[in-house]
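# Observations on chain architecture
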Amino acid sequence: MDIRARDTDRELLLEFSGEMDHHGARNALKEVEIAIDAALPQSLILDFAGVTFMDSSGIALILRSQQRMQLMEGSVVLRNVPEQARRVLDAAGIGRLVSIQ
């Protein structure tokens, strides 16, 4: 799992690529937390365009990100979610907690 980060004007964009499984999500979560702490964004955008596979570990990453941003009174947006990952998110009801575009 690779993550590319871009921070502009209190908005943090994280672009994921690869498989978001147990191993990938565990490392990605650490990187996400470091990026949030460094940028202190008002808005966190998680771009899943490059994600080739996602299981429930991806849900954990999203929920943890949402909790961190909620503490900072910020928001989380998911973008470019591939079909397979979207089915996982829909089954978990993630759309009720974060915006999916």
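Worth saying up front: this structure is predicted, and the values here are computed from it rather than measured.

### Points about the overall build of the chain
Looking only at helices and strands, the chain has three helices and five strands in total. Element order for the chain, N to C, with α for helix and β for strand: β-β-α-β-α-β-α-β. For the chain, the spread of C-alpha atoms along the principal axes amounts to about 30 × 25 × 20 Å. In the chain, which comprises 101 residues, the proportion classed as buried is 44%. Long-range pairs, those at least 24 residues apart, make up 68% of the contacts in the chain between residues at least 6 apart in sequence. A total accessible area of about 5,500 Å² is found for the chain, and carbon and sulfur atoms account for 47% of it. For the chain, the distance from the average site of its 11 positive side-chain charges to the average site of its 15 negative ones is 3 Å.

### Looking at helix α1 (residues 22–39)
Along an α-helix, a turn takes 3.6 residues, which lines up residues three or four apart on a common side. For α1, built from 18 residues, the straight-helix expectation of 26 Å at 1.5 Å per residue is met to within 8% by its first-to-last C-alpha distance of 26 Å. One or two residues past the end of α1 sits Leu40, with phi positive at roughly 45°.

### Details of the side chain of Gln66
Mapping Gln66 onto the fold places it in helix α2 (residues 56–71). Residues within four places of Gln66 in sequence aside, it is in contact with Val76, Leu97 and Val98.

### A closer look at the nonpolar core
Counting residues in each nonpolar core, the largest one holds 29 residues, and the members touching the most others are Phe16, Leu46, Phe48, Leu78 and Leu89. For this core, the secondary-structure elements that each account for two or more residues are β2 (11–20), α1, β3 (43–54), α2, β4 (75–79) and α3 (83–92). Considering every element that reaches this core, the biggest residue donor is α1, with seven residues. Apart from the residues lying within four places of it in its own chain, the contact partners of Leu78 are Leu46, Phe48, Ile62, Leu89, Ile94, Val98, Ser99, Ile100 and Gln101.

### Considerations on the environment of Lys30
Counting through the fold element by element, Lys30 comes out in helix α1. Taking the C-alpha atoms as reference points, Lys30 and Ser17, separated by 13 residues in sequence, lie 15 Å from one another.

### Details of the pairing of strand β1 (residues 2–8)
Sheet topology note: the β1/β2 ladder contains seven bridges and is antiparallel. Looking at the pairing, Arg4 lines up with Glu15 of β2.

### Focus: α3
Of the residues making up α3, those classed as buried are Ala85, Val88 and Leu89. Looking straight down α3, one finds that the buried residues subtend no more than 95° of arc, so they occupy a single side. Pointing more than 90 degrees away from the buried face of α3 are the exposed residues Glu83 and Ala91. Close packing links the buried residues of α3 with β3, α2, β4 and β5 (99–100). Looking one or two residues beyond α3, the residue adopting positive phi is Gly93, at roughly 70°.

About the cut-offs
Residues numbered from 1 in each chain as written. Predicted model: local features only at pLDDT ≥ 70, side-chain atom pairs only at ≥ 80, totals over all residues. Heavy atoms only, no water. Helix = DSSP H or I, 4+ residues; strand = E, 2+ residues; numbered from the N terminus. Buried < 20%, exposed > 50% of the residue type's maximum accessible area, 1.4 Å probe, protein only. Contact = heavy atoms within 4.5 Å. Areas by Shrake-Rupley, 256 points an atom, 1.4 Å probe, with all protein chains shown as cover. Lys, Arg positive; Asp, Glu negative; His and termini not counted. Charge placed at Lys NZ, Arg CZ, Asp CG, Glu CD. Expected span 1.5 Å × (residues − 1). Core = buried A, V, L, I, M, F, W, Y, C linked by side-chain atoms within 4.5 Å. Pairing = 2+ DSSP bridges. Arc of directions from axis to C-beta.

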